[in-house]
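In case you want the letters, here they are:
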Amino acid sequence: MAVQISPSILSADFARLADEAARVPNADWLHVDVMDNHFVPNLTLGLPVVEALLKATSTPIDCHLMITDPDRWAPAYAEAGAGSVTVHVEAAKAPIRTLRQIRAAGARAGLALNPATAVEPYEDLLGEIDMLLLMTVEPGFGGQKFLDVVLPKIRRARSLIERHGGQVWLQVDGGVAADTIERCAEAGADVFVAGSAVYGAADPALAIDRLRELAATHLG
Ligand code: DX5
Ligand code: ZN
């Protein structure tokens, strides 16, 4: 397993997104939080901004859709060229169809679970996805405190993934920073979203290197 770091532009300067993308040349992905003010109590950006970002950076885009109707909107992000598109199980009404449409459009398909959503009911969907995203804060805002209560679920998710061949990436998102990333890696996560820990640092690229080193010491 290789450590991947996906800095969240939610903590970047929205007026200078191309420059902010350029500040993290060592990022594996650029994490883009799409929020619709319905699924979560916050409003960010949508498809036109993702399309503009795709032209402005060669770093693959990791779209995290926190919207009420992902079945309707997710395929368009994949068709636009996002490398990965993740939908929430709490919002999707036809997750299997939507995940298949994301893959058919050439993107990696991700399934996200809120902190209080159990992973076990989704075991049979592991063959439909390329990444499982476990939220480690309630979705909606950057800069929140990491929820340790999710750690046992990360461990159980890692076991399920290994039982199914180990191909699915396990992403954590929320409160991931130098003081929490090791716990996540030790529990079995391999893709780490970090917003404030990267863009709140004086040198975002250096912050990524440090997070990567910390996580790597715990990954098998
Ligand atoms: C929260 C978003 C996260 C957010 C993480 O709902 O999904 O991607 O940007 O921010 P930090 O790393 O500051 O908790
Ligand atoms: Zn996110």
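Residues numbered from 1 in each chain as written. Chains lettered and ligands numbered in written order. Predicted model: local features only at pLDDT ≥ 70, side-chain atom pairs only at ≥ 80, totals over all residues. Heavy atoms only, no water.

Colleague: Before we go on, may I ask you to explain the side chain of asparagine 114 in this structure?
Modeller: The residue asparagine 114 is located in the loop between strand E5 (108-113) and strand E6 (131-135) in this model. Ignoring sequence-local partners within four residues, the contact set of asparagine 114 consists of Phe39, His88, Glu90, Met135, Pro139 and Lys153. (Helix = DSSP H or I, 4+ residues; strand = E, 2+ residues; numbered from the N terminus. Contact = heavy atoms within 4.5 Å.)

Colleague: I would appreciate a short explanation of the pattern of salt bridges in the present structure.
Modeller: Oppositely charged side chains can pair when the atoms bearing their charge come close. Counted according to the given criterion, the structure contains 13 salt bridges. Put simply, arginine 23 and glutamate 20 hold a salt bridge, and the shortest N to O gap is 2.8 Å. In this structure glutamate 20 comes out as buried when scored by relative accessible area, which is 3%. Residue arginine 212 pairs with aspartate 28 through a salt bridge whose shortest N-O separation is 2.8 Å. Remark: aspartate 28 occurs in the loop between helix H1 (17-22) and strand E2 (30-35) and arginine 212 occurs in helix H8 (residues 204-216); sequence separation between them is 184 residues. A relative accessible area of 24% means that aspartate 28 is categorised as partly exposed. A single network of salt bridges, built from pairs that share partners, joins Asp13, Arg16, Asp19, Glu20 and Arg23. (Salt bridge = Lys/Arg side-chain N within 4 Å of Asp/Glu carboxyl O. Buried < 20%, exposed > 50% of the residue type's maximum accessible area, 1.4 Å probe, protein only.)

Colleague: Explain the environment of valine 172 to me, please; I cannot follow it from the model alone.
Modeller: Mapped onto the elements, valine 172 comes out in strand E7 (residues 169-173). Classification of valine 172 as buried rests on a relative accessible area of 0%. Along the chain, valine 172 and alanine 104 lie 68 residues apart, while their C-alpha atoms are 25 Å from each other.

Colleague: Explanation requested: the packing of helix H2 (residues 47-56) against helix H3 (residues 70-80) in the structure shown.
Modeller: Packed helix pairs are characterised by how far apart their axes lie and by the angle those axes make with each other. In the contact formed by H2 and H3, the axes pass within 10 Å of each other and the chain directions differ by 15°. Comparing their axes, H3 and H2 come out roughly parallel. The crossing of H2 and H3 is right-handed. Residues Leu47, Val50, Glu51 and Leu54 of H2 form the contact with H3, whose participating residues are Ala76, Tyr77 and Ala80. Taken together, the residues of the contact of H2 with H3 sort by class into six nonpolar, no polar and one charged. (Axes fitted to C-alpha atoms, helices over the stretch in contact; angles between N-to-C directions. Parallel < 35°, antiparallel > 145°, perpendicular 65-115°, else oblique. Left-handed = near helix turned anticlockwise from the far one by under 90°. Nonpolar A, V, L, I, M, F, W, Y, C, P; charged D, E, K, R; others polar.)

Colleague: What is the right way to read the coordination of the zinc ion (ligand 2) from this model?
Modeller: Protein-derived coordination of the zinc ion (ligand 2) comes from His31 (NE2), Asp33 (OD), His64 (ND1) and Asp173 (OD), at a distance range of 2.0 to 2.3 Å. Coordination geometry of the zinc ion (ligand 2): the six donor atoms subtend angles of 71 to 170° at the metal centre, consistent with an arrangement described as octahedral. Read from N- to C-terminus, the donor residues coordinating the zinc ion (ligand 2) fall into the pattern H-x1-D-x30-H-x108-D. Here aspartate 33, found in strand E2, pairs with histidine 64, found in strand E3 (residues 61-66); they are 31 residues apart in sequence, far enough to count as distant. The exposure classification of aspartate 33 matches that of histidine 64, with both residues buried. (Donors = N, O, S within 2.8 Å, 3.2 Å for Na, K, Ca; no water. Tetrahedral: all angles 85-135°; square planar, octahedral: opposite > 155°, others 65-115°.)

Colleague: When you look at empty space enclosed by the protein in this model, what are you seeing that I'm missing?
Modeller: Sizing a probe to match a water molecule and rolling it over the atoms shows the empty space that remains. If you walk through the whole model with that rule in mind, you get one cavity of 30 Å³ or more. One number sums up the size of the largest cavity: a volume of about 40 Å³. Lining the largest cavity are Leu111, Val119, Tyr122, Glu123, Leu125, Leu126, Ile129, Leu132 and Leu160. Per-class residue counts for the lining of the largest cavity are eight nonpolar, no polar and one charged. (1 Å grid on protein atoms, 1.4 Å probe; cavity = no way out; pocket = protein on both sides within 12 Å on 5 of 7 lines; lining within 4 Å. Points joined across faces, edges and corners; volume = space filled by probe spheres on them.)

Don't take any of this as a statement about function, it's just geometry.
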